[in-house]
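Next come the chains, spelled out residue by residue.
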Amino acid sequence: MKWIITTSLGMDERLVARAKALAQSFGVVYVERGKASIKKLQNQYGHILVLYQDRIVFEQLGGKRFFFHPDTALLRIKSNHDPLLDLIGESSKTICDCTMGLASDSIVMASAGHRITAVESSRLIAFIVSQGLKHFDTGNHKVNEAMRSIEVVEMDSLSFLRQQPSQSFDILYFDPMFSEVISESQNLSGLTGLANPARLTEKILAEAKRVAREKIILKAHFRDTVFEDLGFTRLVRSNQKFHYGIKIRGR
């Protein structure tokens, strides 16, 4: 995928220096913004990572944008009830979110007092989301602390799990890309072309069984047969577009 790095129109020397260092780190070209519009730069260079003073936005061809915002997680936290937290239980757990993405699930779990390690195979997603977790201000001190506590690891889940000792996490959580698109999930539109589309496999599950101390939780589209294919107990959620599956250690 071809892309460049530039800054917002309201740049200063510090922001330009950061953009140049980031371009070198990613091995892509830094382009001086000047007064050029994003559209004009896209016509010339393709996708663009834009550094602003307070955020990072990946502007994709076709109008899609990817940036960090914990809006979905905040709504779930304010609801005071979440089905994922019900599956985890009330006592504090060590949890590996093996498919971080936008980190909404990680934020919800961390805000409930759980210790989260979030694994993401896409370097670009891992960078944008980790920066958001470190710096985004939700206006809620408790949620901010929860986001800062999440440890982000840039690695594919199979490689990460292979490096972990047996029974090193209480719970492993998987939320791979859905087998069918949920049209209502507009906040995920910018993620689609960047995220790893790989499915949960027997090979990954074998390592997950070794690493999980208590259980493995899987989230997937309600039409997906992955629960039955891999031996998860499907927890049906009436009138919901996704279900959870659970696999207790030793079963």
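A few points on the structure. Everything quoted here is computed from the prediction, not taken from an experiment.

A closer look at the sheet that holds strand E12 (residues 242-248)
If you trace the 7 strands from one edge of the open sheet to the other, you get E8-E7-E6-E9-E10-E12-E11, paired in mixed fashion. The open sheet is flanked by strand E8 (151-154) and strand E11 (233-235), the only strands paired with a single partner. When strand polarity is set aside, the average angle formed by the axes of neighbouring strands in this sheet is 20°. In this structure, strand E6 (residues 94-97) lies alongside strand E9 (residues 169-174), joined through 3 bridges in parallel fashion. Note that in E9 the partner of Ile95 across the bridge is Ile171. Running over the sheet, helix H6 (residues 123-135) touches strand E7 (115-120) and E8 and is turned about 165° from E8. On the sheet, helix H9 (residues 202-211) packs against E9, strand E10 (212-221) and E12 and is oriented at approximately 140° with respect to E10.

Brief notes about the sheet that holds strand E1 (residues 3-7)
Taken together, the 5 strands give an open sheet; going across it, the order is E2-E1-E3-E4-E5, and neighbouring strands pair in mixed fashion. One side of each edge strand has no neighbouring strand; the edge strands of this open sheet are strand E2 (29-30) and strand E5 (65-67). As defined by bridge partners, E1 adjoins E2 across 2 bridges and the pair is classed as parallel. Across the sheet, the residue bridging to Ile5 is Tyr30, located in E2. The strands that helix H1 (residues 13-26) touches are E1, E2, strand E3 (47-51) and strand E4 (56-59); relative to E1, the one it contacts most, it runs at about 165°. Relative to the sheet, H6 contacts E1, E3, E4 and E5, its axis offset from that of E4 by approximately 150°.

Description of H1
Helical geometry: 3.6 residues make up each α-helical turn, so side chains three or four residues apart lie on a common side. Over its 14 residues, H1 extends 20 Å from the first C-alpha to the last, a length consistent with the 20 Å expected when each residue adds 1.5 Å. Turning to H1, its buried residues are Leu15, Val16, Ala19, Leu22, Ala23 and Phe26. When H1 is viewed along its axis, its buried side chains cluster within an angular range of 125° and face the same direction. Turned more than 90 degrees away from the buried face of H1, the exposed residues are Glu13, Arg14 and Gln24. Buried residues belonging to H1 abut E1, E2, E3 and H6. A distance of 3.2 Å separates the backbone nitrogen of Arg14 from a side-chain oxygen at the start of H1, and that oxygen is part of Asp12. At the exit of H1 stands Gly27, carrying a positive phi of roughly 75°.

The rules behind the values
Residues numbered from 1 in each chain as written. Predicted model: local features only at pLDDT ≥ 70, side-chain atom pairs only at ≥ 80, totals over all residues. Heavy atoms only, no water. Pairing = 2+ DSSP bridges. Helix = DSSP H or I, 4+ residues; strand = E, 2+ residues; numbered from the N terminus. Axes fitted to C-alpha atoms, helices over the stretch in contact; angles between N-to-C directions. Contact = heavy atoms within 4.5 Å. Expected span 1.5 Å × (residues − 1). Buried < 20%, exposed > 50% of the residue type's maximum accessible area, 1.4 Å probe, protein only. Arc of directions from axis to C-beta. Polar contact = N/O pair within 3.5 Å; in protein donor to acceptor, adjacent residues only side chain to side chain.

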